[in-house]
Amino acid sequence: TNPLKRAADKVADALKGEPAGPENGIPGKPGPESPPVAEPTEPHEPFPPKPDQTGPDTVSPTDQPTGADQARMAQSGSYLTNAQGTRLYDTDHSLKAGPRGPVLLQDHHLREKIMHFDHERIPERVVHARGAGAHGVFRSYGTAANVTKAAFLAEDVETPVFVRFSTVLGSRGSSDTVRDTRGFATKFYTSEGVFDLVGNNIPVFFIQDAIKFPDVVHAAKPHPDREIPQAQSAHDTFWDFVTLHTEATHHTLWNMSDRGIPRSFRTMEGFGVHTFRLVDAAGGTTLVKFHWKPKLGVHSLVWEEAQLVNGMDPDFHRRDLADAIEAGAYPEWEFGIQTFPDTPDQTFEGIDLLDPTNIVPEELAPVQPIGLLTLNRNPSNFFAETEQVAFHPGHLVPGIDITDDPLLAGRLFSYLDTQITRLAGPNFAQIPINRPQAPVNDMLRDGFHQTAVHRGVAPYRPNSLDGGCPFTAGADTGAYIETPVRVPEATKVREAPASFDDHFSQPRRFWLSMSPVEREHIIGAYSFELGKCYEPAIRERALQVLANIDPELCAGVAAGLGLPAPEPTVPLADVEPSPALSQVGHTWPTDGRIIGIVTGPDGDLDGVRTVRQEVLDGGMVPLIVAPAGGTLGEGADALAVQRTYATARSVEFDALLVAGTPGVGTDAFGARDAKAGQPGHQQATPDPRVGLLLAEAFRHGKAIGAAKGGEAALEGAGIPLDAPGVIAGDTATTVLQELVQLLGAHRVWERFPSAA
Ligand code: HDD
């Protein structure tokens, strides 16, 4: 009857029933029929190929292992044991010479337990240390099959994936909603080996050559003396670097825009950044840029929300991702490509495709959808999966190749190298989350953390002792063959091409593509960050950079800093805006959006009951906010309260609906009212926390509705009932319908001052 014992018996049964052997899906173990592997002493002909040559097991957690695999990969048995499997009777007391006597050195359990604990931490990633991951599936539409022979991009192929989202600058324990770039790294476990797309939510990068990566990261990380600030770019060394290296201007402008503070990982775009080269079955090549388009649309926080969330819930993005998946609201992105002819100069419409500080506007090269990514399973162990996953832009499959982007070249070295320190040795591809789901026979042997029991005697080629195995493949048997592109005849130099010198026309296009409210946010962000810089020279240099993008931007930030706005030192670029870059003016599905229903014991409980169900039916999440926890109403119809006035904060909600008179919980001075929450109890002064909730939501451009007397609470919070995005109605149901319309635009943009 003991559930642990039952689980243990189940595993034992599975183990018993499962004859080992590759033919039974347990690769790497000799089956009962396999011939014994003899050490060859004398050469003899012919050498039969050996069936057990496969290297590390091809099992990663995305396989949903069962039976023997499950037992091997995790803990088994219901008794506590030491690491050697010996059962223990006590793990709370050290072995002592009497209860009050000294602890004995002979206590192996004590030493083993403490030894292991002492080494539980591994170095965090040198960048992108904080992240959250999820498993999923990628289904290809087949629309890229004319430009690439990659098997996973053929029609209707399903490929397991693992995605890790991250911030760049902060430590593992920092906050989610800081202003920063977000990583968007995807591991495709394809039938032809692993393909990693290690991208960001911003389509351009700070630098054009990887040799500057240590410099930009040193500048952006906390100051070396006091190690502050954490997870921020709002400090002198960052702005010193990005104003001296003006190639960083475009990426920095994206960071200062709303893209730097996403609402959720689920509402971020993703970009491969570099130009890649696709290869079709006939050897034809096409240059491409990769895009991820979120089904829920691109949506960001406003800066005050981001700051509040850092205190309220530092795990905001991580929680949102895990909750959505657990609730079955699987996040989805469409995978897309922009394609460009593979011309010798590798430019498109005058844009250098090898310069990673450039985008190609979607209006010039539309993003063509080629597949759908669905994240549908949370990791079962953060360390094993999210922490130990190792991405690498050099993990490519046939049909996808690199270009000569000098930033990409350095990455091809860095990601392999960094794992040696982070995952402590060269065998990280054997860690379950990193294992390919294609057969591996790599001749790589030994080293720290070797877990494969390789067989055969000849891990070299050619050999005669292992029957010549492993064999090399050819183009017709799926070999990865580097595209034979011509390299220009040249002289060795440490130089960038002249086309890399234009640092302002692309940022100017971004600025001109923004709506007034997005521009207002950008000016606010620069004013905040530069306002945190102590060195006057850095602030002045930053204004000069902004002047070279646009005078309005420069003047706005200069006013915020109390400095004169300089004149541009370069002619302002004559560029067309790209409307696709703006987040304003589109409408999106409202799935998974959170509606706070503010009420109290004397509120409109019938209305709340109905509207709650309507929110659920619409695929959104209703959270009832009341003065105290527990339930509202009586009997079977009682409504559970999800948030109290003490635990609710505006940042959590996408819209608020006040249904009836909200209850009161404190007196005018914020002291608790002893009778608060009791039916029939009225207090003249509205609860200040409801006022704060409504006022913040109003300030952050959220849709707000009131029905059946809820209007008084809005007025109490100073919210005019005729303001944009404020809905007053007779019933909660009619108000909800209008709120949902507003939610499709993400925010009530008219409420921001720039719209006035
Ligand atoms: Fe990088 C991690 C994205 C340039 C060196 N990078 C890392 C991650 C992402 C990116 C998403 C986190 C992967 C994960 O979740 O484990 N990095 C980018 C993008 C870049 C870029 C989109 C430019 C287009 N990176 C870049 C350069 C270098 C690195 C130029 C070094 C020369 N990046 C690393 C690294 C990391 C890393 C040090 C840290 C941990 C890791 O690789 O596995 O090697």
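Chains are numbered independently. Their residues run from 1 in the order of the written sequence. At least 70 in pLDDT is required for a residue's local features to be given in this predicted model, at least 80 for side-chain atom pairs to be given and counted, and no such filter applies to totals for whole chains, interfaces and linings, which use all residues.

1. Examining the overall build of the chain
Counting its regular elements, the chain contains 18 helices and 20 strands. When the 756 residues of the chain are sorted by exposure, 42% land in the buried category. In the chain, the proportion of contacts linking residues at least 24 apart, taken out of those at least 6 apart, comes to 72%. Per the convention used, a helix needs a DSSP run of H or I reaching at least four residues, while a strand needs a run of E reaching at least two, with both numbered from the N terminus. Counts of 20 or more other C-beta atoms within 10 Å of a residue's own C-beta define buried residues, counts of 12 or fewer define exposed ones, and intermediate counts define partly exposed ones; C-beta atoms are placed from the backbone. C-beta atoms are first placed from the backbone for all residues, and any pair lying within 7 Å is then listed as a contact.

2. Topic: the pairing of strand 6 (residues 276–279)
A pair of strands is treated as paired once DSSP finds two or more bridges between them. Pairing geometry for strand 6 and strand 7 (residues 285–294), over four bridges, is antiparallel. Note that in strand 7 the partner of Leu-278 across the bridge is Thr-286. Between strand 6 and the antiparallel strand that follows it, strand 7, lie five residues; Gly-283 among them carries a positive phi value of about 90°. As paired elements, strand 6 and strand 12 (residues 400–401) share two bridges and run antiparallel to each other. Looking at strand 12, one finds that Arg-277 is bridged to Asp-401.

3. Quick word on the UniProt feature "domain: Catalase core" (unreviewed entry) in the chain
UniProt positions are given in the numbering used here, feature names are shortened, and annotations may be inferred rather than shown by experiment. Here the UniProt-annotated "domain: Catalase core" (unreviewed entry) positions come out as residues 81–469. Counted over residues 81–469, helix gives 21% and strand 20%. Its end C-alpha atoms are 41 Å apart.

4. Thoughts on the site of the ligand
The ligand sits among 27 residues. The nearest are Arg-125, His-128, Gly-183, Val-273 and Ser-414. At the level of elements, strand 2 (158–167), strand 3 (182–190), strand 4 (193–200) and helix 10 (406–422) are the ones that each hand at least two residues to the shell around the ligand. At six residues, the largest contribution of residues to the shell around the ligand is made by helix 10. We call Asp, Glu, Lys and Arg charged. Ala, Val, Leu, Ile, Met, Phe, Trp, Tyr, Cys and Pro are nonpolar, and the rest, Gly among them, are polar. For the shell around the ligand, the residue count by class is 14 nonpolar, ten polar and three charged. We call a residue near a molecule or strand when its C-beta atom, built from the backbone, sits within 6 Å of it.

5. Notes on the packing of helix 15 (residues 605–617) against helix 18 (residues 732–743)
Angular values range over 0 to 180 degrees, each being the angle between N-to-C directions of two axes fitted as lines to C-alpha atoms, with helices fitted over their stretch in contact. Direction vectors running N to C along helix 15 and helix 18 enclose 30°, while the axes themselves pass 9 Å from each other. With respect to each other, helix 15 and helix 18 are oriented roughly parallel. Crossing of helix 15 over helix 18 shows right-handed handedness. Along its contact with helix 15, which presents Gly-607, Val-608, Thr-610, Val-611, Glu-614 and Val-615, the element helix 18 presents Ala-732, Thr-733 and Leu-736. Among the residues forming the contact of helix 15 with helix 18, the class breakdown is five nonpolar, three polar and one charged. Should an angle fall under 35 degrees it is called roughly parallel, over 145 degrees roughly antiparallel, and 65 to 115 degrees roughly perpendicular, with every other angle called oblique. The hand of a helix crossing depends on one turn: near helix anticlockwise from the far one by less than a right angle means left-handed, and clockwise means right-handed.

6. Comments concerning the sheet that holds strand 13 (residues 594–598)
Ordered in space as 17-14-13-18-19-20, the six strands form an open sheet in which the pairing is parallel. At either margin of the open sheet sits one strand with a lone partner, and together these are strand 17 (643–644) and strand 20 (726–729). When strand 19 (residues 703–707) meets strand 20, the two strands line up parallel, connected through four bridges. Pairing of Gly-705 across the sheet is with Ile-727, part of strand 20. Along the sheet, helix 15 contacts strand 13, strand 14 (621–626), strand 18 (655–659) and strand 19; its crossing angle with strand 14, the most-contacted strand, is approximately 150°. Contacts from helix 18 reach strand 18, strand 19 and strand 20, with the element oriented near 175° to strand 19.

7. Quick word on the pairing of strand 1 (residues 131–140)
Strand 1 sits mainly inside the fold: eight of its ten residues count as buried. Here strand 1 runs beside strand 2; their pairing, made up of nine bridges, is antiparallel. Residue pairing in the sheet places Arg-139 in a bridge with Glu-158 of strand 2. Summarising the sheet, strand 1 and strand 11 (residues 368–377) pair through six bridges and their orientation is antiparallel. Among the inter-strand pairings, Val-137 is bridged to a residue of strand 11, identified as Thr-374.

8. Thoughts on the environment of Pro-516
Within the element layout of this structure, Pro-516 appears in helix 12 (residues 516–531). Using a count of 14 C-beta atoms within 10 Å as the deciding quantity, one classes Pro-516 as partly exposed. With 169 residues separating them in the primary sequence, Pro-516 and Thr-347 have C-alpha atoms 32 Å apart. Leave out the neighbours within four places in its chain, and Pro-516 touches Ser-754 and Ala-755.

9. With respect to the nonpolar core
By convention the nonpolar core is taken to be a set of buried residues drawn from Ala, Val, Leu, Ile, Met, Phe, Trp, Tyr and Cys and joined through C-beta atoms within 7 Å. Of all hydrophobic cores here, the largest spans 100 residues; its most connected members are Tyr-526, Leu-546, Leu-553 and Val-557. Examining the composition of this core, we find that seven residues originate from one element, helix 13 (residues 536–549), more than from any other. Marked domain ranges trace back to an automatic or database domain assignment. Each of domain 2 (131–234 + 255–434) and domain 3 (505–581) gives at least three residues to this core. Once residues within four sequence positions are removed from consideration, Tyr-526 is found in contact with Met-256, Leu-546 and Val-557. Leu-605, Leu-632, Tyr-645 and Leu-743 belong to the second largest nonpolar core, which has 44 residues in total.

10. Overview of unusual backbone geometry
Residue Ile-228 is joined to Pro-229 through a cis peptide bond whose omega torsion reads 0°. Structurally, Pro-229 is set in the loop between helix 4 (213–220) and helix 5 (236–244). Residues Arg-461 and Pro-462 are joined by a peptide bond in cis, for which omega reads -15°. Tracing the backbone shows Pro-462 in the loop between helix 10 and helix 11 (505–513). Residue Glu-227 is not a glycine yet carries a positive backbone phi of 50°. When you line up the elements, Glu-227 lands in the loop between helix 4 and helix 5. Using a count of 10 C-beta atoms within 10 Å as the deciding quantity, one classes Glu-227 as exposed.

11. Details of the confidence of the model for the chain
A score from 0 to 100, pLDDT tells how confident the predictor is in each residue. Here the chain averages 90 in pLDDT, and 87% of its residues register 70 or above. Segment residues 53–64: pLDDT under 50, and 48 contacts once partners within four positions in sequence are set aside and those in other chains are kept. The low-confidence segment residues 666–672 (pLDDT under 50) makes ten contacts with residues lying over four places distant or belonging to another chain. Overall fold confidence for the complex sits at a pTM of 0.90, while the interface term, ipTM, reaches 0.99.

12. A few points about the packing of helix 5 against helix 13
Where helix 5 contacts helix 13, the two axes come as close as 9 Å, and the packing angle between them is 40°. Here helix 5 is positioned oblique relative to helix 13, judged by the angle of their axes. In this structure, the crossing between helix 5 and helix 13 has a hand that is left-handed. Across the interface between the two elements, Asp-236, Trp-239, Asp-240 and Thr-243 of helix 5 pack against Ile-538, Arg-541, Ala-542 and Val-545 of helix 13. Counted by class, the contact of helix 5 with helix 13 contains four nonpolar, one polar and three charged residues.

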